[in-house]
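These are the residues of each chain, in order.
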Amino acid sequence: MRQAPNIMLTGTPGVGKTTHCESLAERTGLRHISINQVVKDKGCHEGWNEEYQSWIVDEDKLLDAIEKEVHCGGCIIDWHACDLFPRSWLDLVVVLRVDSSTLFDRLTGRNYAEAKLQENLDSEIMEVLLQEARDAFDEAIVIELTSNTADELESNVDRIEAWIKQWKLDNAS
């Protein structure tokens, strides 16, 4: 039995996952696991995709690399995909969303390649990652939050922090 929940923050690149995770980790003491960092640091990839300027993730290596840490609980997992993670690993899946113009500005500010920019805009518009989360996990643990402004970010972090406190009360041994 875990003493703290595992939470996944997912969504299209540029929605604010890392900012949310860092704030939550600071406030709650849970561990922020940046999947992008794990992929780089632990070599959980099969090489570099030049067109998309990103690593080609080896999902089996990735899961093996974080399994022990996640099993202990208290993790905030930060990545754009969630459907590869076992259901038993996660207690809450938060899908962050932004409007198209905000996302365009954020990704343009990151100098995304045109193909990567368009793919991510299309993914957000078509709610691809939200649907992935709903298909992969019980709907009761999947929530959708908007992350267009600093006020929304603060409200989201407050809401997730309150959820964590309630989870700990509900799961106290």
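Before going into details, it helps to say that this report is about the structure given with it. The written sequence of each chain sets the order in which its residues are numbered from 1. Totals for whole chains, interfaces and linings use all residues, but because this is a predicted model, local features are given only for residues with pLDDT of at least 70 and pairs of side-chain atoms are given and counted only at 80 or more. The side-chain figures draw on all heavy atoms in the structure; neither hydrogens nor water molecules are used.

Description of helix α5 (residues 114–125)
(1) Moving on: The end-to-end C-alpha distance of α5, which contains twelve residues, comes to 16 Å, matching closely the 16 Å that a straight helix rising 1.5 Å per residue would cover.
(2) Moving on: Residues count as neighbours in contact if any of their non-hydrogen atoms are within 4.5 Å of one another. Every helix listed is a DSSP run of H or I at least four residues long, and every strand listed is a run of E at least two residues long, numbered separately from the N terminus. Where α5 is buried, its residues meet β4 (54–57), β6 (92–97), α4 (100–109) and α6 (128–136).
(3) Moving on: A positive phi of about 55° marks glutamate 127, the residue just after α5. Multiplying one less than the number of residues by 1.5 Å gives the expected span of a helix.

Considering the packing of aromatic side chains
(1) Moving on: The pairing test for Phe, Tyr and Trp rings, Trp by its six-membered ring, is centres within 6.5 Å, and the orientation test on the planes gives stacked under 30 degrees, edge-to-face over 60, and tilted for anything in between. All told, the structure shown has two aromatic pairs when counted by the stated rule.
(2) Moving on: Consider the rings of phenylalanine 85 and tryptophan 89, whose centres lie 6.2 Å apart with planes at 45°: the pair is tilted. Across this residue pair, the class does not change: phenylalanine 85 and tryptophan 89 are buried.
(3) Moving on: Stacked on the ring of tyrosine 112, the Lys or Arg lysine 116 has its end atom at 4.4 Å from the ring centre. Three labels apply to residues, based on accessible area from a 1.4 Å probe with only protein chains included: buried if under 20% of the type maximum, exposed if over 50%, partly exposed otherwise in between. Placement of a charge over a ring requires the Lys NZ or Arg CZ to be within 6 Å of the ring centre, with the centre-to-atom vector within 35 degrees of the ring normal.

Side note on the pairing of β4
(1) Moving on: For two strands to pair, DSSP has to find at least two bridges joining them. Pairing of strand β3 (residues 45–49) with β4, which is carried by three bridges, proceeds in the antiparallel orientation. Bridge pairing in β4 links histidine 45 to valine 57.
(2) Moving on: The antiparallel hairpin formed by β3 and β4 contains four residues in its connecting segment, where glutamine 53 sits at a positive phi of about 55°.

Topic: the sheet that holds strand β5 (residues 75–78)
(1) Moving on: Pairing in this open sheet of five strands is parallel, and the strands run β2-β5-β1-β6-β7 from one edge to the other. Lying at the two open borders of the sheet, with one neighbouring strand each, are β2 (31–34) and β7 (142–146). On average, each strand axis in the sheet is inclined to that of its neighbour by 20°, with strand direction left out of account.
(2) Moving on: Inspection of the sheet shows β2 paired to β5 by four bridges, in the parallel sense. By the bridge assignment for β5, isoleucine 33 is matched with isoleucine 77.
(3) Moving on: Helix axes are fitted to C-alpha atoms over the stretch in contact, other axes to C-alpha atoms as well, and angles between N-to-C directions run from 0 to 180 degrees. Its contacts with the sheet put α6 on β6 and β7, and the angle it makes with β6 is roughly 165°.

A few points about the nonpolar core
(1) Moving on: Ranked by internal contacts, the top residues of the largest apolar core, which has 27 residues, are Ile35, Phe85 and Val93.
(2) Moving on: Sorting the residues of this core by element identifies α2 (35–41), α3 (59–72), β5, β6 and α6 as the ones contributing at least two each.
(3) Moving on: The greatest single-element share of this core, amounting to four residues, is contributed by α3.
(4) Moving on: Discounting chain neighbours no more than four positions away, the residues touching valine 93 are Met8, Thr10, Cys82, Ala133, Phe137, Ile141, Val142 and Ile143.
(5) Moving on: Grouping buried Ala, Val, Leu, Ile, Met, Phe, Trp, Tyr and Cys residues that are joined through side-chain atoms within 4.5 Å yields what is termed a nonpolar core. Core analysis: the second largest hydrophobic core is formed by 24 residues, Leu30, Leu96, Leu121 and Ile164 among them.

A few points about unusual backbone geometry
(1) Moving on: Unusually for a residue other than glycine, glutamine 53 sits at a positive phi of about 55°.
(2) Moving on: Topologically, glutamine 53 is positioned in the loop between β3 and β4.
(3) Moving on: Residues other than glycine seldom take positive phi values, yet glutamate 127 does so here, at roughly 55°.
(4) Moving on: Tracing the backbone shows glutamate 127 in the loop between α5 and α6.

Considering empty space enclosed by the protein
Any space left empty among the atoms is revealed by the rolling of a water-sized probe across them.
(1) Moving on: We place a 1 Å grid over just the protein atoms. Points where a 1.4 Å probe fits but has no way out form a cavity, open points with protein on both sides within 12 Å along at least 5 of 7 lines form a pocket, and any residue with an atom within 4 Å of a point lines it. Grid points are joined across faces, edges and corners, and a volume is the space filled by probe spheres set on the points. The full count for this structure, using the stated rule, is one cavity of 30 Å³ or more.
(2) Moving on: Here the largest cavity defines a volume of roughly 30 Å³.
(3) Moving on: Elements represented by at least two residues in the lining of the largest cavity include exactly β6, α5 and α6.
(4) Moving on: Residues are grouped as follows: Ala, Val, Leu, Ile, Met, Phe, Trp, Tyr, Cys and Pro are nonpolar; Asp, Glu, Lys and Arg are charged; all remaining types, including Gly, are polar. For the lining of the largest cavity, the class distribution of residues is five nonpolar, three polar and three charged.

Looking at α6
(1) Moving on: Every buried residue of α6 is accounted for by Leu129, Leu130, Ala133 and Ala136. Along the long axis of α6, the arc covered by the buried residues comes to 140°, so they all point the same way.
(2) Moving on: Those residues of α6 hidden inside the fold are in contact with β6, α5 and β7. Read the arc as the range of directions from the helix axis to the C-beta atoms.

Interpretation in functional terms is not warranted from these geometric data alone.
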